[in-house]
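Observations on the three-dimensional arrangement
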Amino acid sequence: MKFWQTIPLGRVRLGVQLFMLVFLLYGGSILGHYLADRVSGALPALACAYDGETADHCVLVPMQHQIHHQVGEGLVRMQEFAVKMVIPLFFTLLTFFTMFVVLNKAFCGWICPLGTVQELIYRLGRWLGRPVKRLMPGKVEKVRPAKWLMLVGLVFALPLATGLGVAPHAAGDAFCEVCPSRVLTTLATGEAEELAVNTSGWADLALGAIRSFLFGFIIIAALAVRQPFCRICPMLALHATFRRLALTRLTKKPHAKCEKCGICHKACPMDIHEIWKKDGSKAFHEDCILCGRCAEYCPDDGVIAIKFGPLAVFESSRNYYKARVKTEKPDGSRAKRRAPRREGSS
Amino acid sequence: MFLPVRVHLCVLPLALVAGLSTSHAAPPDTASASAAESDQAAREDAHAHHGHSMQDNWTEQPLLRKARNANRRVKLLRVDGLVASQLTVQPPTEAGEPTQTKQIPLTDGKAGVRVLGKLQGGWYRVSARADDRENRASTLVYFGNPGPAPRDMLKASLPGLDISPAILPTEHQHYRAGETWPFMVRMSGDPVANQSVRLETSAGSAETYISDAEGVVHVTFPDDFPPPEQREKAMGGHHHRFSQQFVLSTHIESDQHLAQKASFNYEYRPGAYDQKSLWLGSGFALLGMLAAVPLVRQRKTKESGK
């Protein structure tokens, strides 16, 4: 057994997630008032801009602002097209792209604060004995287009329409207006402001109502459904766009036993059945969050791996699988410990 | 195992380069805008009252008034109530680097402040000192590009009497009604204790504060905003980002010092819960929770439901 197989990947990931959660939510309070602006300058892709004490700002904020103010309003003025409109958007995308070529979907599974909190709530659900609700093949496909609609509609179309003057001002950052992470991260720092609904106009009211509703829904749904918001998150769609170029990725080799096994599918928090049925590039699905659970719960050596460039960061192995299922079932439930055999018992 | 974190740190320099280049071609390294850019900023100023209340003559203190939404590279400032020939611009600097103070000549009391270097964004402190050196007005301008934290810029005190913020809002924060923020009173860099500082707002509120032993005054912005319908009327239908102006002023009656009066003016916005309903938001969140309850209920199977 290799040295990295002695520590469960899930434990390491949880440690990274908790560290990032504390850093992103409270980093500004601990490391300095201006940290958010500093880190955002380098990595504008992490926590919520609406929280004054976070250590970073989400990339979707500048992206929507660029589309609203630079592209939309710029199209109206029709002046200096290249300099004022295309170049700013290009560089925002470039910044975003630079990060996601390296991390890509590992952002979702290892760093995103909302993703971490949903996982913690799901763990709470296991502890409270709530049922596990999975989206099986046939149903999961119906949910998948939602993330693309969120990306195209809320991140691109509505901010653009606002810039063009055909949508209300509140839609200028439409995704942020409905994002439940905005409520979660601010509540976590003691501010209830983002839970409050703006009543100054019908659009503000409607978007604020959706945001609060989504927040409430996710907090409860995550007790039984793994990663409920991740499935419709536009970040997932953005990552999916660049995943073939990413250095961090998932690989799967064909294996004769896969057909009858399917444990990787049970372990997947995004209910991706393709990881079971397909191999090669098709196994690295657009919904993957690179959590690595499929690799952890694959009972065969070297079939599924998380790779960074040519390096295998983690590979499935039979010994690791045996040790892992003793502590946690593929669906996240705690494994029942076998009672020690009594001598003489039949 | 911690590869994603290492990767995260490794990408910092590369992403920083891209982030610093967030827009436009590189401008010349100067704080002074060209005449054409100033003219354009002035034209946009005339059109761009969107997002702010614009009231004049609400104070006798000197003010540095800003153009609204001038553009990403140039902010036009107008000096009111002070006879000065130039503006002093202090951009934020990286830790340990010397402050790069720039002088910009005023034309008809106006000048354009331009973002420095490779679009070095963040807070810039701008001041105008009267030609007789008895009076100083100062304010801040913000450029949306990534830039250094303003710690060193705020530490650097101007000669004579000076009043400045001790800490500044981050990019998505603002001074808001009901919030308390610290400001510093200094004389040639030394804190001035027990100094009277007067707050005036464009809505007519006034309050006097006294600095502590470190020369710090904690100023609470009053909730003196007009009702929403009046704001909308004043803004021509654009009530978002409605703001009012404030000025903090102080003076010292002493012959030992050159500058006896100093003021700092900026804007503040309505309070955190202005036109917001926490009850309504909580209600919708509760509704969302109720909608999710069927998912977490344990279904009774034939075996368990007997």
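The residue count restarts for each chain, going from 1 along the sequence in the order it is written. Naming scheme: in the order in which they are written, chains are lettered from A and ligands are numbered from 1. For a predicted model such as this one, the threshold for reporting local features is a pLDDT of at least 70, and the threshold for listing and counting side-chain atom pairs is 80 or more; totals across whole chains, interfaces and linings nevertheless cover every residue.

Considering the overall build of chain B
Helix and strand content of chain B: 6 helices and 16 strands. Counting over 306 residues, chain B shows a buried share of 40%. Within chain B, contacts between residues at least 6 apart in sequence are counted, and of these 65% link residues at least 24 apart. Counting from the N terminus, the helices are the DSSP runs of H or I reaching at least four residues and the strands are the DSSP runs of E reaching at least two. In this scheme every C-beta is placed from the backbone, and a residue whose C-beta has 20 or more other C-beta atoms within 10 Å is buried, one with 12 or fewer is exposed, and one in between is partly exposed. The contact rule is simple: place each C-beta atom from the backbone, and if two of them lie within 7 Å, those residues are in contact.

Focus: the overall build of chain A
Summing up its helical and strand segments, chain A has 17 helices and 4 strands in all. Taking all 346 residues of chain A together, the buried fraction comes to 54%.

A short note on the sheet that holds strand E3 (residues 86–90) of chain B
Residue and element names in this part refer to chain B. For two strands to pair, DSSP has to find at least two bridges joining them. In space, the 8 strands of this open sheet follow the order E4-E3-E6-E7-E15-E14-E11-E12, with mixed pairing throughout. The outermost strands of the open sheet, each flanked by one partner alone, are strand E4 (102–105) and strand E12 (206–210). This sheet shows a mean twist of 25 degrees between the axes of neighbouring strands, independent of strand direction. In this sheet, strand E14 (residues 244–251) lies alongside strand E11 (residues 196–201) in antiparallel orientation, the contact comprising 4 bridges. Bridging across to E14, Glu 200 finds its partner in Val 247. An axis is simply a line fitted to the C-alpha atoms; with a helix, the fit covers only the stretch in contact. Between two such axes, the angle follows the N-to-C directions and lies from 0 to 180 degrees.

Considerations on the sheet that holds strand E2 (residues 248–252) of chain A
Residue and element names in this part refer to chain A. One open sheet holds the 3 strands; their spatial order is E2-E3-E4, and the pairing between them is antiparallel. The outermost strands of the open sheet, each flanked by one partner alone, are E2 and strand E4 (311–315). The sheet shows a mean angle of 30 degrees between the axes of neighbouring strands, direction not considered. In the sheet, E2 pairs with strand E3 (residues 304–308) via 5 bridges, with the strands oriented antiparallel. When the bridges of E3 are listed, Thr 248 appears paired with Phe 308.

Thoughts on the confidence of the model for chain B
Residue and element names in this part refer to chain B. What pLDDT conveys is the predictor's confidence in a given residue, as a value from 0 to 100. On average, residues of chain B score 77 in pLDDT, and 71% of them reach the 70 mark or higher. Mean pLDDT in chain B bottoms out at helix H2 (residues 12–20), which sits at 33, and peaks at strand E13 (residues 216–220), which reaches 97. This model gives residues 38–54 a pLDDT under 50, and the stretch forms 40 contacts once residues within four places in sequence are excluded. The low-confidence segment residues 302–306, where pLDDT is below 50, has 1 contact with residues more than four positions distant or belonging to other chains. In the predicted assembly, ipTM is 0.83 and pTM is 0.78.

What about the domain arrangement of chain A?
Residue and element names in this part refer to chain A. Note that domain bounds follow an automatic or database assignment of domains. Per the domain assignment, the segments of chain A are domain 1 (3–237) and domain 2 (246–325). Breaking the side of domain 1 that touches domain 2 down by element, the ones donating at least two residues are helix H1 (9–31), helix H4 (81–102) and helix H5 (106–111). Here the side of domain 1 that touches domain 2 is built from residues that sort into 14 nonpolar, 6 polar and 6 charged. Any residue outside Ala, Val, Leu, Ile, Met, Phe, Trp, Tyr, Cys, Pro, Asp, Glu, Lys and Arg is labelled polar, Gly included; the first ten of those are nonpolar and the last four are charged.

Overview of helix H8 (residues 145–163) of chain A
Multiply 1.5 Å by the residue count of a helix minus one, and that product is the helix's expected span. Between its first and last C-alpha, H8(A) extends 26 Å over 19 residues, near the 27 Å set by a 1.5 Å rise per residue. In the stretch just after H8(A), A:Gly165 is the one whose phi turns positive, near 85 degrees.

A word on the nonpolar core
In globular proteins that are soluble, nonpolar side chains generally tend to be buried together. To define a nonpolar core, we join buried Ala, Val, Leu, Ile, Met, Phe, Trp, Tyr and Cys residues through C-beta atoms within 7 Å and take the resulting set. Residues A:Phe175, A:Cys264 and A:Cys294 are the most contacted members of the largest nonpolar core, which totals 93 residues. Examining the composition of this core, we find that 10 residues originate from one element, helix H11 (residues 202–221) of chain A, more than from any other. Residues from two domains meet in this core; each of domain 1 (3–237) and domain 2 (246–325) of chain A gives at least three. If we skip the residues at most four places from it in the chain, A:Cys294 touches A:Cys264, A:Ala267, A:Cys268, A:Ile275 and A:Ile304. Counting 45 residues, the second largest nonpolar core, distinct from the first, contains B:Ile104, B:Ala137, B:Met184 and B:Phe246.

Here's the deal with unusual backbone geometry
Residue and element names in this part refer to chain A. Its identity as a non-glycine residue notwithstanding, Leu 290 has a phi of 50 degrees, on the positive side. For Leu 290, the location among the structural elements is in the loop between helix H15 (274–277) and helix H16 (293–296). Of the residues examined, Leu 290 has 26 C-beta atoms within 10 Å and is grouped as buried.

Overview of helix H6 (residues 278–296) of chain B
Its 19 residues give H6(B) an end-to-end C-alpha distance of 26 Å, which sits within 8% of 27 Å, the value for a rise of 1.5 Å per residue. Inspection of H6(B) places B:Gly281, B:Phe284, B:Ala285, B:Gly288 and B:Ala292 among the buried residues, and these make up the whole buried set. The inward-facing, buried residues of H6(B) abut strand E1 (197–198) and H11 of chain A together with strand E16 (276–277) of chain B.

Digging into the packing of helix H10 (residues 180–188) of chain A against H11(A)
Residues and elements named next belong to chain A. Two elements in contact, H10 and H11, have axes separated by 8 Å at closest approach and are oriented at 70 degrees. With respect to each other, H10 and H11 are oriented roughly perpendicular. Of the residues in H11, those in contact with Pro 180, Arg 182, Val 183 and Leu 184 of H10 are Arg 211, Ser 212, Leu 214, Phe 215 and Ile 218. Across the contact of H10 with H11, the residue classes tally to 6 nonpolar, 1 polar and 2 charged. Working definition: roughly parallel below 35 degrees, roughly antiparallel above 145 degrees, roughly perpendicular at 65 to 115 degrees, and oblique for all remaining angles.

What about the packing of helix H6 (residues 113–127) of chain A against H10(A)?
Residues and elements named next belong to chain A. Put simply, H6 and H10 touch, their axes get as near as 10 Å, and they point 80 degrees apart. Between H6 and H10, the interaxial angle falls into the category roughly perpendicular. Every residue of H10 that contacts H6 at Pro 113, Leu 114 and Val 117 is listed here: Pro 180, Ser 181, Leu 184 and Thr 185. Within the contact of H6 with H10, the residues separate by chemical class into 5 nonpolar, 2 polar and no charged.

Observations regarding the environment of A:Val225
Residue placement: A:Val225 occurs in the loop between H11 and helix H12 (234–242). Along the primary structure A:Val225 and A:Arg134 are separated by 91 residues, whereas in three dimensions their C-alpha atoms are 6.5 Å apart. Dropping the residues within four chain positions of it, A:Val225 is found in contact with A:Lys133 and B:Leu295.

A look at the pairing of E13(B)
All names here are of chain B. Of the two faces of E13, only one is covered, namely that formed by Val 217 and Val 219; the face formed by Val 216, His 218 and Thr 220 stays uncovered. Relative to E13, strand E9 (residues 180–187) is paired through 5 bridges, and the arrangement is antiparallel. The residue bridging Thr 180 from the neighbouring strand is Thr 220, located in E13.

So, the environment of B:Leu278
Looking at where B:Leu278 falls in the secondary structure, it is placed in helix H6. For B:Leu278, a count of 14 C-beta atoms within 10 Å puts it in the partly exposed group. Non-local contacts of B:Leu278, meaning those with residues more than four positions away in its chain, are made with A:Ala192, A:Leu195, A:Ala196 and B:Tyr273.

Focus on the environment of A:Pro299
Residues and elements named next belong to chain A. Looking at the secondary structure, you find Pro 299 in the loop between H16 and E3. The class of Pro 299 is partly exposed, set by 18 C-beta atoms lying within 10 Å. Sequence-wise, Pro 299 and Tyr 321 are 22 residues apart; in three dimensions their C-alpha atoms are separated by 5.4 Å. Filtering out sequence-adjacent residues up to four positions away, Pro 299 remains in contact with Cys 261, Ile 263, Arg 318 and Tyr 321.

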